[in-house]
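# Close look at the chain arrangement
Listed here are the chains, written in short residue letters.
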Amino acid sequence: MLVLIRLTADAKFKNTRLVRSEVLEKDLEWFRQQGHAIPEPSTLGVSYARYLEELSEKDPLAFIFYFYNTYFAHSARGRMIERKVAEKILDKKELEFYKRDGDLSQLLQNFRDKLNNVAEV
């Protein structure tokens, strides 16, 4: 079952336009160029990432539940936080992390539908 979930998830989620790792790297590079030091991941952060990877392998449905709740909460709150951060400390610069190719609400709905389909497998 795990292999089926991974294959299905990989095929369905590749082009959701919601993956943020590449644009986060661009923002981190911008901060470096502004003279800010970017710390290495902490031991706790690495441990947490490892735990999530293990959870996705041992209990895929629990991982999907966790991911669903965390991702959608962060996406919804992120829009408000983005505006406040840009306004207060970034001279209204829009970070790449918050830019989306399309309407975020629609992208999230499409992603939610795909995630629900994977959870039903």
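This is a predicted model, so every value here is computed, not measured.

So, on to the overall build of the protein chain. Scanning the protein chain for helices and strands turns up five helices and zero strands. Walking the protein chain from its N terminus toward its C terminus, one meets helices and strands in the order α-α-α-α-α. Burial statistics for the protein chain: of 121 residues in total, 23% are counted as buried. Relative to all contacts within the protein chain whose residues are 6 or more apart in sequence, the contacts with residues 24 or more apart total 80%. As displayed, the protein chain has an accessible area near 8,900 Å², and 56% of this comes from carbon and sulfur atoms.

What follows deals with the packing of aromatic side chains. This structure, assessed with the given rule, holds three aromatic pairs. Between W30 and F31 the ring centres are 5.0 Å apart and the planes differ by 75 degrees, which places this aromatic pair in the edge-to-face class. Given a relative accessible area of 22%, F31 falls into the partly exposed group. Centre to centre, the rings of F63 and Y66 are 6.5 Å apart; their planes meet at 40 degrees, and the pair counts as tilted. Of this pair, F63 and Y66 are both found in helix α4 (residues 60-89), three residues apart, which corresponds to roughly one turn of the helix.

Taken residue by residue, the protein chain gives an average pLDDT of 78. The fraction at 70 or more is 81%. Note on residues 1-8: pLDDT is under 50 here. Beyond four places in sequence and across chains, it has ten contacts.

Once that is clear, we can look at the nonpolar core. Counting residues in each nonpolar core, the largest one holds eight residues, listed as I64, Y71, F72, L104, L108, F111, L115 and V118. Only α4 and α5 (104-120) provide two or more residues apiece to this core. It is α5 that provides the largest number of residues to this core, a total of five residues.

Relative to the elements of secondary structure, E82 occurs in helix α4. In this structure, E82 is in contact with E94 and Y98, ignoring residues within four places of it in sequence.

Let us now look at the side chain of S56. The topology assignment puts S56 in helix α3 (residues 43-58). Exposure remark for S56: the relative accessible area of 18% places this residue in the buried category. Within the structure, the side chain of S56 is placed 2.7 Å from the backbone oxygen of E53, a separation counted as a polar contact.

Okay, α3 next. The terminal C-alpha atoms of α3, which comprises 16 residues, lie 22 Å apart, in line with the 22 Å expected from a rise of 1.5 Å per residue. Taken together, the buried positions of α3 are occupied by L52, L55 and S56. Buried residues along α3 cover an arc of 100 degrees about the axis, so they all sit on one side. Turned more than 90 degrees off the buried face of α3, the exposed positions are T43, E53 and K58.

Conventions used here
- Residues numbered from 1 in each chain as written.
- Predicted model: local features only at pLDDT ≥ 70, side-chain atom pairs only at ≥ 80, totals over all residues.
- Heavy atoms only, no water.
- Helix = DSSP H or I, 4+ residues; strand = E, 2+ residues; numbered from the N terminus.
- Buried < 20%, exposed > 50% of the residue type's maximum accessible area, 1.4 Å probe, protein only.
- Contact = heavy atoms within 4.5 Å.
- Areas by Shrake-Rupley, 256 points an atom, 1.4 Å probe, with all protein chains shown as cover.
- Phe/Tyr/Trp six-rings, centres within 6.5 Å; stacked < 30°, edge-to-face > 60°.
- pLDDT = per-residue confidence, 0-100.
- Core = buried A, V, L, I, M, F, W, Y, C linked by side-chain atoms within 4.5 Å.
- Polar contact = N/O pair within 3.5 Å; in protein donor to acceptor, adjacent residues only side chain to side chain.
- Expected span 1.5 Å × (residues − 1).
- Arc of directions from axis to C-beta.

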